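Structural description and commentary
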Amino acid sequence: MSSKTAWISSDLLLVPSNVSGNKLIISKENEVYMKVDAEPVIRQELNDYFTFTVPGAKFMPAYRNRMWDGKMRLYNAMTKQLYLGLLPYVQVFADEREYDLEITESIDTQENFSVKEANEFITSLQTSFDPRDYQLDSFVHLVRNNRGLLVSPTASGKSFIIWLLTQWYGDCKTLIIVPTTSLVHQMKSDFVEYGSDENDIHRIMSGQEKNTDCRIVVSTWQSLYKMRKDYFSQYDVVIGDECHLFKAKSLTSIMTKLIDCKYRFGFTGTLDGTQTHKLVLEGLFGRVKQFVRTRELIDQDHLASFKIKALVLKYTDEEKKLVSKMKYQDEVDFIVSNQRRNKFIQNLTLSLNGNTLLLFQFVDKHGKILYDNISKAVKGDRKVFFVYGGTDAETREKIRSITEGQENAIIIASYGTFSTGINIRNLHNIIFASPTKSRIRNLQSIGRGLRKGNKKDKATLFDIADDLRHKSKVNYTLNHFSERVKIYNEEEFEYKIYNIKL
């Protein structure tokens, strides 16, 4: 064996190396991966450093069947590959252990791009929209680095930042990936409003042509993730909007096929709080950065003033005893099918003034029941709409547009269709009718009510929780409510808890 070659026995195979000493050598393979080479023992450290337990893995079939250990490994010990966007973490890894780091090829940046240059460029676009300070800072940061993951709160105007990027890279073909057909429509509408020619934008959804000469392509990820690698070679810029919602395998499938795509930008309203989720997104798009928080936007009067009324429903002792013996799903079924609870939600919805968005989780056993009850009880010409996964995108857009011109409409919608990305400026009330603990769903849903409109400058969230504690046992969904309260505290939202006997 050559003195320059070493081997390490791993769980998979023996991996050769041509590096000796306390050194890591990094070479760029393409716009997706870099190769990180080092002595075997250091590569094993890297493997451990970039290995994470997947949240909820113990509930997954592959784990239960002992086909998978529940861990995600971002560093491939066999190929020595790691996502290029994780270079800053490799630098931290090396610094902490006092290892030498050698980068054989510099990573391109535009560090000299200035705020002054950005302002001059935006002025040249002759758009009627003036960027806010944080939008300008975000744009400059992304252009300087050629890639990045921007945490941009709902209603902060991230579509304008995305539009600026499409204009800056005006000689490049740009792919914008979104999670829903509604956002495909909305993105094109926003771009035209900012100043784009609608004939320069092609939309890809179910059944739509995937090949086009248009410079800007807006598509759902569902429409593209099965496409072959050669299809993606035409794109120089990729932008992922609401990228936290992409299924992990579908996201990596698309992003790892874009091997020659130099400019990569991800946008999200919120991350789910797990290290695994954050590092995968950073690896594919670039380092995470946030320039403004929701509380700041409210304080600066960019968003509507917002308060939360947490309504904790109290049940009978018999019901508490019954639920204490239930598993999680049985408890949820008990809650959403409870007639007194649904009657309470109905009365609450009808008592509110202004446009109201009522969000539910289960279509047949909850959403349709609420819609039927409220539709029958509503008085006058007050409009009531029902939106779920089976509602086509054009109908959803019509409902959104109608609501914009209404003052007292009710939208009963599933979390999946109206919690994310739908832009309703004239929304006064939001009601959480179904229990949830998802940080992303919670904050995205709140975002529906934060946009300011001509006739609206404040909004209220009614968070319905269920107290079914029996003796020392706290019910599952009440624990979920506690998680939501933690989020409200972290985001500095104003809230008050009301106990209500059903």
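Just so we're clear, the structure is a prediction, and the values are computed from it rather than from any experiment.

**Points about the overall build of the protein chain**
- Helix and strand counts for the protein chain stand at 18 helices and 22 strands.
- Expected size for 502 residues packed as a compact globule is a radius of gyration near 23 Å; at 25 Å, the protein chain falls within 12% of this value.
- With respect to the three principal axes, the spread of C-alpha positions in the protein chain is 85 × 60 × 45 Å.
- Each of the 502 residues in the protein chain was classed as buried or not, and the buried ones make up 53%.
- The long-range fraction of contacts in the protein chain, counting pairs at least 24 apart against all pairs at least 6 apart in sequence, stands at 73%.
- For the protein chain, the separation between the mean place of its 71 positive charges and that of its 62 negative charges on side chains is 8 Å.

**Here we look at the pattern of salt bridges**
- In the structure shown here, the tally under the stated rule is 25 salt bridges.
- Across the pair Lys35 and Glu29 runs a salt bridge, and its minimum N-O distance is 3.6 Å.
- We classify Lys35 as partly exposed; its relative accessible area is 29%.
- Exposure remark for Glu29: the relative accessible area of 35% places this residue in the partly exposed category.
- Arg341 serves as the salt-bridge partner of Asp466, at 2.8 Å between the closest nitrogen and oxygen. Taken as a pair, Asp466 in strand 21 (residues 458-467) and Arg341 in helix 13 (residues 339-351) lie far apart in primary sequence, 125 residues in all. The residues Asp466 and Arg341 share a single accessibility class, namely buried.

**Comments concerning the side chain of Ser324**
- Along the chain, Ser324 turns up in helix 11 (residues 317-324).
- For Ser324, the side chain forms a polar contact with the main-chain oxygen of Lys321, separated by 2.6 Å.
- Beyond its immediate sequence surroundings of up to four residues, Ser324 is in contact with His470 and Lys473.

**Digging into the packing of aromatic side chains**
- A full pass over the atoms with the stated rule returns 27 aromatic pairs.
- With a centroid separation of 6.2 Å and 20° between ring planes, the pair formed by Phe121 and Phe139 is classed as stacked. Of the two residues, Phe121 is situated in helix 4 (residues 115-124) and Phe139 in helix 5 (residues 133-145); the sequence distance between them amounts to 18 residues.
- With a relative accessible area of 15%, Phe121 lands in the buried category.
- Residue classification places Phe139 among the buried positions, given a relative accessible area of 0%.
- Here the aromatic rings of Phe360 and Phe386 are separated by 5.7 Å at their centres, their planes lie at 15°, and the arrangement is stacked. Highlighted residues: Phe360 in strand 17 (residues 356-360) and Phe386 in strand 18 (residues 384-387), separated in sequence by 26 residues. Accessibility assignment for this pair places Phe360 and Phe386 in one class, buried.
- The rings of Tyr49, Phe50, Phe93 and Tyr99 are connected pair by pair, giving a single aromatic cluster.
- Cation over ring: Arg287 sits above Tyr89, and NZ or CZ is 4.5 Å from the ring centre.

**Observations concerning helix 7 (residues 181-194)**
- The end-to-end C-alpha distance of helix 7, which contains 14 residues, comes to 20 Å, matching closely the 20 Å that a straight helix rising 1.5 Å per residue would cover.
- The element helix 7 is largely enclosed, with a buried count of 10 among its 14 residues.
- For helix 7, every residue scored as buried is listed here: Ser182, Leu183, Val184, His185, Gln186, Met187, Lys188, Asp190, Phe191 and Tyr194.
- Packing partners of the buried residues in helix 7 comprise helix 6 (158-168), strand 10 (174-178), strand 11 (201-204), strand 12 (216-220) and helix 15 (393-404).

**Examining the pairing of strand 13 (residues 237-240)**
- Burial of the side chains of strand 13 extends over both faces: Val237 and Ile239 are buried on one face and Val238 and Gly240 on the other.
- Strand direction decides the pairing type here: strand 10 and strand 13, joined by four bridges, are parallel. Counted as the bridge partner of Thr174 is Val237 from strand 13.
- In terms of strand pairing, strand 13 meets strand 14 (residues 263-268) through four bridges, oriented parallel. By the bridge assignment, Ile239 is partnered in strand 14 with Phe265.

**Concerning the packing of helix 4 against helix 6**
- For the pair helix 4 and helix 6, the least separation of the axes is 11 Å and the interaxial angle reads 85°. Here helix 4 lies roughly perpendicular to helix 6, going by the angle between them. Contacts from Glu117, Phe121 and Ile122 of helix 4 reach helix 6 at Leu164, Gln167 and Trp168.
- Here the contact of helix 4 with helix 6 is built from residues that sort into four nonpolar, one polar and one charged.

**A look at the pairing of strand 3 (residues 23-28)**
- Side chains of strand 3 alternate between two faces, with Leu24, Ile26 and Lys28 buried and Lys23, Ile25 and Ser27 left unburied.
- With four bridges connecting them, strand 3 and strand 8 (residues 100-103) associate as parallel partners. Residue Leu24 lies in a different strand from strand 8, and its bridge partner there is Leu101.
- Pairing analysis gives four bridges linking strand 3 to strand 4 (residues 33-37), with the strands arranged antiparallel. Among the inter-strand pairings, Ile25 is bridged to a residue of strand 4, identified as Asp37.
- Between strand 3 and strand 4, which pair antiparallel and follow one another directly, the connecting turn spans four residues.

Thresholds, definitions, all that
- Residues numbered from 1 in each chain as written.
- Predicted model: local features only at pLDDT ≥ 70, side-chain atom pairs only at ≥ 80, totals over all residues.
- Heavy atoms only, no water.
- Helix = DSSP H or I, 4+ residues; strand = E, 2+ residues; numbered from the N terminus.
- Rg over C-alpha atoms; globule rule 2.2 N^0.38 Å.
- Buried < 20%, exposed > 50% of the residue type's maximum accessible area, 1.4 Å probe, protein only.
- Contact = heavy atoms within 4.5 Å.
- Lys, Arg positive; Asp, Glu negative; His and termini not counted.
- Charge placed at Lys NZ, Arg CZ, Asp CG, Glu CD.
- Salt bridge = Lys/Arg side-chain N within 4 Å of Asp/Glu carboxyl O.
- Polar contact = N/O pair within 3.5 Å; in protein donor to acceptor, adjacent residues only side chain to side chain.
- Phe/Tyr/Trp six-rings, centres within 6.5 Å; stacked < 30°, edge-to-face > 60°.
- Lys NZ or Arg CZ within 6 Å of the ring centre and 35° of its normal.
- Expected span 1.5 Å × (residues − 1).
- Pairing = 2+ DSSP bridges.
- Axes fitted to C-alpha atoms, helices over the stretch in contact; angles between N-to-C directions.
- Parallel < 35°, antiparallel > 145°, perpendicular 65-115°, else oblique.
- Nonpolar A, V, L, I, M, F, W, Y, C, P; charged D, E, K, R; others polar.

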